Amino acid sequence: MKNDLNFRPSRRTLLRSAGAGFGHLALSGLLGQAASQGASRLDTPKPLLPKSPHFAPRAKKIIFLFMEGAISGIDTFEYKPEVQQNHGKSGPGGGILTASRFQFKQYGQSGAWFSELLPNIAQHADDLCFVRGLHTDTPAHPQAVVQLHTGSANAALTRPSMGAWLLYGLGTENQDLPGYVTINPPPNFGGAVNYGSAFLPAHFQGTRISDQGYLPNLKASAKAELQRKQLDLIQSMNRDYAQKPGAPDPVDGIIESFELGFRMQDKVPDLLDISKEPQHVLDAYGVKPGPEGSFARQCLMARRLSEAGVRFVEICQGGWDHHFNLHNGLIDRSRLVDQSTSALLTDLKQRGLLEDTLVIFGSEFGRLPMAQGEDGRDHNITGYSMFLTGAGVKKGFSYGATDELGVKAVEGRMHTNDFHATLLALMGLEHKRLTYRYAGRDFRLTDVAGEVHSGIFA
Amino acid sequence: MVSFKSKRLYAIWIGCLIAASPVSTAFAQQTQNAADLEFFEKKVRPVLVNRCYACHSAETKPAGGLRVDDRNGLLTGGNGGPAIIPGDPDGGLLIQRILHEDPKLKMPKEGAPFTSEELADLRKWIADGVAWPSEKVPAAPAHLEPMYEKLRARHWSLQPRRDAKPPSVQNTAWVNSEIDHFILAKLEEKKLTPVKDADRLTLIRRVTFDLTGLPPTPEEIRAFTEDKSKDAYARLVDRLLSSPRYGERWGRHWLDVARYAESTGPSRNVPYPHAWKYRDYVLDSINRDVPFHQFIQEQVAGDLLKVSEVERDRALIATGFLALGPKDVNQRFKERFLMDNVDEQVDTVTRSVLGLTVSCARCHDHKFDPIPAKDYYSIAGIFTSTDQLSGVVNKMGGSGLEYYRPELLVHLGKGLPPVDAEQVKRLKADVAAAQKAWNEIRGTARGLALAADGKPTQRPYRLKLEKLQAEYLKLTDPAEYGLAAHGLKEGRIADTSLRVRGEAERLGPVVARGFLTAFKVADVPEINPQQSGRLEFAQWLTSPNNPLTARVIVNRIWHHLFGQGIVRTVDNFGANGDRPSHPELLDYLANTFVQEGWSQKKLIRRIVLSHAYQLGSDEPQEYREIDPSNRLVWRHSPRRLEAEEIRDAMLAASGQLNLQPIEGSPAQKFKMIEMPDNGPESRTIHQKANENQHRSIYLPLLRGVIPQSLEAFDPVTQTLVTGQRETTTVPTQALYLLNSTFVRNQSLEFAGKLLSASATEKNAERIQRAYELTLGRKPTPLETDRAQTFLADFEKLYPALAAAQQAGEKSVKGQTLKDRVDQADQTDAERNAQVVLDEQIHPQDAQHAAWMNFVQALYASAEFRFVR
């Protein structure tokens with residue numbers, strides 16, 4: 001996957017292969033730049049067409065359920081009896097240990113513990129693979145969110161997001177759709193950086209849509225028949241132009257891009273229009289209008305997009321940053337995600353989509369077992385957990401652990417770079433080989449670190 | 001061990017490992033003995049870890065600004081002063097706060113008090129000199145130094161420029177400049193003949209776009225194509241170079257390189273409300289053709305240059321170059337904030353001016369170029385001795401104005417009007433009290449509970465704080481008087497330490513301030529020890545003897561005129577960069593550039609008057625096989641217009657373009673408060689950008705808030721030095737051209753103008769005018785026929801279909817964005833909602849609809865977005 005400085009496609013091959021594909025008709029990127037620029041290089045004329053991974057992949061698609069703000073593990077799915085028993089005592093590094101006020105019990109054959117906050121997700125216990133030894137570098141949301149998404153929190157050198165790396169490495173299955181969609185991403189904490197392509201070519205960046213399915217300029221400005229008339233005129237002008245001696249190379253790509261754009265106007269809104277789902281499906285997810293139904297709508301859209309072949313879908317529920325108001329805040333947030341997440345998992349499973357789709361549920365870091373103020377918990381970057389399910393990972397399995405109090409990862413320690421290396425490995429990519437040369441250096445999602453934790457592989 | 005060549009450096013290294021830190025001079029690393037270190041590890045570190053880390057460490061936070069997991073952090077201390085004074089246990093705040101009687105101030109805040117044994121251990125450790133294990137600088141790999149030697153001696157870009165003479169050529173009739181000798185000689189070597197020249201119409205469109213970023217008007221085209229005099233082209237070039245439009249295009253090129261933007265960017269986006277002054281400085285300098293070496297000197301050290309009183313503000317504004325970078329204001333640790341910003345400055349200045357990736361040497365000796373880490377820190381010391389007056393400080397989890405410091409701005413003019421000192425003092429105390437009250441209630445259960453008016457109880461607290469802050473700033477803030485800019489000033493002058501693995505806290509040996517050792521520059525003064533060294537650094541950068549600077553800028557200019565540089569990696573002239581296709585030409589251009597007073601205009605004129613620039617774009621197949629990317633310049637490669645040119649050309653064609661420069665920016669009244677990308681500020685920016693009919697250079701450019709009318713066509717990533725833009729072809733561009741409010745609006749305006757110009761005008765004449773205004777040429781008879789047919793068909797189809805379309809719209813209204821009333825009130829879905837700006841454009845009748853769709857097709861055509 002190295003971008004080769006000496007790559008020179010012949011023009012004829014390129015023009016012959018200037019076929020379909022969303023967002024990747026980078027013919028100028030190939031002829032103008034591939035030939036002219038050391039920094040920006042692609043090793044295929046069609047960068048978003050599916051590419052061979054480095055080795056047989058365990059998963060082909062990812063859906064990431066991002067719990068922005070840092071969900072408190074100790075109150076949800078990280079049961080720590082030592083904390084419950086030592087309530088009120090001094091904790092490590094200072095602070096008072098505070099037991100969770102929520103009741104925990106075990107579920108399924110695997111006996112995974114869940115609190116009463118997530119009773120529906122708990123039903124999937126035997127399908128889940130917990131990763132309990134995570135740790136990261138910065139206990140501040142802006143940097144940690146950016147690091148989770150791009151591998152690095154260096155503000156001065158923005159890195160490509162993990163979805164962009166996946167598209168760069170693997171392309172995508174459905175050439176009429178974006179390969180990387182992020183729904184409702186946070187408006188701050190790096191904003192567009194979290195789904196950007198940074199120095200990778202722009203066609204690898206995530207497409208941002210709202211939880212109402214809004215994508216700028218997607219709505220046709222006229223009825224199809226009228227617009228087709230206009231498009232025919234544009235295309236005949238373009239074809240004339242392409243015939244002129246010395247015409248710019250990307251004109252064929254431009255012609256194709258208009259046809260694709262025109263088709264997308266039909267296909268994408270259709271795909272994002274969840275109102276067409278049967279009532280029982282809408283009910284299962286808990287879809288309703290307004291903010292209350294936001295995450296449910298995102299879950300359902302994620303299923304539809306992933307099913308249609310989108311390589312990487314991220315959805316987001318924020319508001320987990322409970323420095324205050326932990327108790328009621330957790331009840332409120334959990335209510336928003338429990339039913340819809342569970343419905344998504346059931347739906348994916350019933351449709352057989354978990355065979356090739358990996359689902360990730362987690363935050364930028366965790367929260368401490370010690371109290372903060374009257375009713376809160378502060379950030380914890382030294383040990384926290386997520387759960388995964390679906391393609392490539394063990395089921396009913398728990399990997400790694402924090403200490404007895406849930407403060408520090410002690411077993412199966414997995415840094416954000418390790419987590420990324422492991423995800424790439426699940427997708428069939430060797431993280432050290434997925435490189436891109438920029439500013440005189442080969443960059444990776446995992447920077448100069450990263451270790452694959454194959455212990456979670458099925 | 002790193003082998004430092006200078007004995008002086010070595011001595012410093014041995015002598016005082018932490019000498020650069022402001023508080024550690026009393027401490028000599030080598031006095032530590034094993035017993036003290038063992039005592040620290042056994043008795044002291046565990047206490048700090050167990051009792052303090054929850055609130056005062058890298059993995060948590062620096063409560064009160066203090067961290068205890070770093071010796072320097074303890075010595076510097078937090079907001080209250082040093083936590084530890086070596087040798088004086090009770091002199092520092094650490095022991096004082098442990099023993100404090102006020103329970104609010106006593107440490108630890110939560111948990112059991114320190115035992116007397118723990119306290120005694122801490123006291124002993126402090127009394128014994130605060131032992132702390134020292135940092136070892138990892139040894140450089142053995143192969144590096146020989147590799148560096150070789151590169152210093154041989155790598156092409158590090159060698160002095162040669163006195164390149166134009167080579168002789170066979171076809172002397174073809175050449176009309178010295179540049180042509182270099183080009184043709186190479187072509188003849190490969191047995192290639194340049195293709196035929198561009199016709200005059202193509203040439204005027206090309207040179208007008210290249211020099212001004214705008215299309216020529218139909219009148220200008222006519223005048224030029226009909227002007228048969230010998231110097232017609234030269235006069236055209238001179239007219240373009242003297243037009244203010246030139247600076248608006250070539251200023252933009254520099255702003256790309258300067259990663260110009262009007263906000264801090266990730267991770268908390270705080271506006272830079274005065275950034276536009278730097279933008280105007282750049283435009284003005286380019287238009288005035290300020291010599292490039294002076295232009296760089298002003299930007300790096302404008303505050304240190306001897307300038308007249310009238311020029312002072314201008315020179316200060318120039319230093320905005322290095323103050324407007326992306327900043328992580330949410331960074332917890334001041335030292336990291338400082339070193340990250342220093343790195344951003346080192347990276348920007350070295351890549352933009354030298355085309356070297358010096359920043360790679362922040363963490364280790366450069367792997368490819370002869371830039372050891374100590375060179376990096378010798379330059380870093382210049383910037384640690386400089387204060388960035390960006391107006392912001394770092395703070396974790398700040399809100400409101402907590403990131404803002406008016407005193408950290410450049411103050412222009414002759415100072416603020418006198419104020420009542422008593423009143424200022426009183427207001428300052430009131431602000432502090434209101435801030436404290438707000439911090440206490442903010443986000444608590446009581447604060448969030450609804451008051452009688454149905455709004456959160458905390459709301460009046462915030463409003464009171466904001467009101468007092470506004471009153472205080474009204475009196476003290478230069479921004480209130482329009483007298484603020486972002487820039488640089490001299491800071492605390494000192495050399496800085498090498499940082500082990502680039503980590504801000506891990507201090508290695510102190511490195512004397514200086515320049516790169518990769519090449520020698522004769523006749524540059526030594527750094528004045530009383531100053532930061534920026535002045536001498538600027539002189540070193542812009543010395544005629546610097547092998548890189550002139551080469552890099554002339555290559556940038558060549559890149560903009562030919563579509564690719566002589567060195568294609570325009571921002572990287574290092575070992576991993578490209579090799580020049582015409583090394584002698586590059587040196588010839590650089591030499592000429594320097595000899596002619598570093599004038600960009602003269603160089604551009606010289607290049608566009610060359611025969612090579614005036615070639616046509618024909619492409620014989622066999623040439624393609626030999627030199628597929630046209631590196632040898634046997635033709636002129638077509639160029640996709642940049643985002644700004646596409647927008648400006650649409651406005652120009654529709655007659656809507658306002659050529660007046662814009663005073664200021666829509667962001668200039670913004671407070672320096674974090675702005676989410678869907679908040680009211682972002683919405684203002686998007687709205688102002690959409691209404692704007694001035695040239696694109698005057699659009700607001702806040703990081704992460706890209707105007708929709710630029711977004712589709714690869715605008716610059718404003719966080720990185722960008723000498724070469726991407727040119728992708730993606731369906732979102734098609735969707736933008738077909739459906740966007742901006743394009744539809746311009747099309748309708750354009751159609752209206754065509755139709756209203758003369759009622760008696762024939763359609764064929766209107767079609768011709770539309771072609772001339774968009775594509776700069778007349779339509780062929782076939783094209784006219786096709787347009788006529790389209791117009792007739794469309795007009796016939798329109799009434800029925802349009803009615804159906806507009807009826808359908810009512811049911812699919814986009815969601816609206818609610819105003820932020822109070823952040824604490826918001827649900828997430830609203831918080832994350834996107835700013836929606838789509839607006840349907842409806843022509844008044846079928847005829848307008850047909851013409852609108854016709855001109856929109858011209859805008860959307862491939863021909864419109866290319867110059868050949």
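Residues numbered from 1 in each chain as written. Chains lettered and ligands numbered in written order. Predicted model: local features only at pLDDT ≥ 70, side-chain atom pairs only at ≥ 80, totals over all residues.

Trainee: Looking at this structure, how should I read the overall build of chain B?
Mentor: Helix and strand content of chain B: 33 helices and 8 strands. Relative to the 2.2 N^0.38 estimate, which gives 29 Å for 868 residues, the radius of gyration of chain B is 32 Å and therefore close to what a compact globule would have. Dimensions of chain B, computed from C-alpha atoms along their principal axes, come out at roughly 100 × 80 × 50 Å. Across the 868 residues that make up chain B, the buried fraction comes to 53%. Contacts in chain B between residues far apart in sequence, at least 24 positions, make up 68% of those at least 6 positions apart. (Helix = DSSP H or I, 4+ residues; strand = E, 2+ residues; numbered from the N terminus. Rg over C-alpha atoms; globule rule 2.2 N^0.38 Å. Buried ≥ 20, exposed ≤ 12 C-beta atoms within 10 Å, placed from the backbone. Contact = placed C-beta atoms within 7 Å.)

Trainee: Would you mind going over the overall build of chain A with me for this structure?
Mentor: Along chain A, the regular secondary structure elements total 12 helices and 17 strands. For chain A, with 458 residues in total, the buried portion stands at 64%. Put simply, 75% of the contacts in chain A that link residues at least 6 apart link residues at least 24 apart.

Trainee: Mind showing me how you'd approach the environment of T348 of chain B here?
Mentor: Residues and elements named next belong to chain B. In this fold, T348 is placed in helix 15 (residues 334-354). Taking the C-alpha atoms as reference points, T348 and I98, separated by 250 residues in sequence, lie 45 Å from one another. Setting aside residues no more than four positions away along its own chain, T348 makes contact with R259, L322, G325 and V721.

Trainee: Help me out: how do you make sense of the pairing of strand 11 (residues 384-390) of chain A in this one?
Mentor: Side chains on a regular strand alternate between the two faces of the sheet. Residue and element names in this part refer to chain A. Within strand 11, 7 of the 7 residues are buried, which leaves the element mostly enclosed by the surrounding structure. In the sheet, strand 8 (residues 357-362) pairs with strand 11 via 4 bridges, with the strands oriented antiparallel. Bridging across to strand 11, V359 finds its partner in T389. (Pairing = 2+ DSSP bridges.)

Trainee: Please clarify how the interface of chain B and chain A should be interpreted in this entry.
Mentor: Often, the extent of an interface is quoted as the loss of accessible area upon association of its parts. In this assembly, 113 residues from chain B lie in contact with 96 residues from chain A. Elements supplying a minimum of two residues to the side of chain B that touches chain A: helix 2 (34-51), helix 15, helix 18 (445-448), helix 28 (731-739), helix 31 (781-809), helix 32 (828-831) and helix 33 (846-860) of chain B. Broken down by element, the side of chain B that touches chain A gets its largest block of residues, 9 residues, from helix 31 of chain B. Residue classes in the side of chain B that touches chain A are distributed as 37 nonpolar, 43 polar and 33 charged. (Nonpolar A, V, L, I, M, F, W, Y, C, P; charged D, E, K, R; others polar.)

Trainee: Mind showing me how you'd approach helix 8 (residues 251-272) of chain A here?
Mentor: In an α-helix, one full turn covers 3.6 residues, which means residues spaced three or four apart are oriented alike. Over its 22 residues, helix 8 of chain A extends 31 Å from the first C-alpha to the last, a length consistent with the 32 Å expected when each residue adds 1.5 Å. Of all the bends in helix 8 of chain A, the greatest, near 40°, is centred on M264 of chain A. (Expected span 1.5 Å × (residues − 1). Bend = angle between axes of the 7 residues up to and from the residue.)

Trainee: Would you take a moment to explain the pairing of strand 2 (residues 104-107) of chain A for this structure?
Mentor: Residues and elements named next belong to chain A. By the bridge criterion, 4 bridges tie strand 2 to strand 3 (residues 112-115) in an arrangement that is antiparallel. Following the sheet pairing, F104 is matched in strand 3 by S115. Hairpin connection of strand 2 to strand 3: 4 residues between the antiparallel strands, including G108 at a positive phi of 65°.

Trainee: Would you mind showing me how to read unusual backbone geometry here?
Mentor: Of all residues except glycine, most have a negative phi; of all peptide bonds, most are trans. A cis geometry characterises the amide bond from M107 of chain B onward to P108 of chain B, with omega recorded as -5°. Along the chain, P108 of chain B falls in the loop between helix 4 (93-98) and helix 5 (116-127). For A198 of chain A, which is not glycine, the phi dihedral falls at a positive 45°. Mapped onto the elements, A198 of chain A comes out in the loop between strand 5 (180-183) and strand 6 (207-209). The class for A198 of chain A is buried, based on 21 C-beta atoms found within 10 Å. One non-glycine residue, R501 of chain B, adopts positive backbone phi at about 50°.

Trainee: Sorry if this is basic, but what is going on with the packing of helix 21 (residues 549-562) of chain B against helix 23 (residues 600-608) of chain B here?
Mentor: How two helices sit against one another is set out by the angle between their axes and by the gap between those axes. Residue and element names in this part refer to chain B. Relative orientation of the contacting elements helix 21 and helix 23 amounts to 45°, with a least axis distance of 11 Å. One element, helix 21, and the other, helix 23, form an angle in the oblique class. Where helix 21 crosses over helix 23, the two elements pack in a sense that is right-handed. Each of V554, I557, W558 and L561 in helix 21 lies in contact with helix 23, whose residues at this interface are Q600, L603, I604, I607 and V608. Grouping the constituent residues of the contact of helix 21 with helix 23 by class yields 8 nonpolar, 1 polar and no charged. (Axes fitted to C-alpha atoms, helices over the stretch in contact; angles between N-to-C directions. Parallel < 35°, antiparallel > 145°, perpendicular 65-115°, else oblique. Left-handed = near helix turned anticlockwise from the far one by under 90°.)

Trainee: Any chance you could explain the confidence of the model for chain A here in plain terms?
Mentor: Interpretation of this model should avoid reading the predicted coordinates in detail wherever pLDDT is low. For chain A, the mean per-residue pLDDT works out to 86, and 89% of the residues sit at or above 70. Under a pLDDT of 50 for its full length, residues 1-45 of chain A has, in the predicted model, 125 contacts with residues more than four places off or in other chains. (pLDDT = per-residue confidence, 0-100.)

Trainee: Looking at this model, I keep getting lost on the confidence of the model for chain B. Mind explaining?
Mentor: Residue and element names in this part refer to chain B. Overall, the predicted model of chain B reaches an average pLDDT of 89, with 92% of residues at or above 70. Per-residue pLDDT stays below 50 along residues 1-30; that stretch engages in 48 contacts with residues further than four places along the chain or on separate chains. Here residues 810-829 is a poorly scored stretch, pLDDT under 50, and it has 33 contacts once near neighbours within four places are set aside; other chains count. Here the predicted complex scores 0.83 on pTM and 0.86 on ipTM.

Trainee: Explain the environment of V552 of chain B to me, please; I cannot follow it from the model alone.
Mentor: All names here are of chain B. By the secondary structure assignment, V552 is in helix 21. Through-space distance from the C-alpha of V552 to that of L586 is 9.2 Å; in sequence the pair is 34 residues apart. Once residues within four sequence positions are removed from consideration, V552 is found in contact with V353, L354, G355 and F573.

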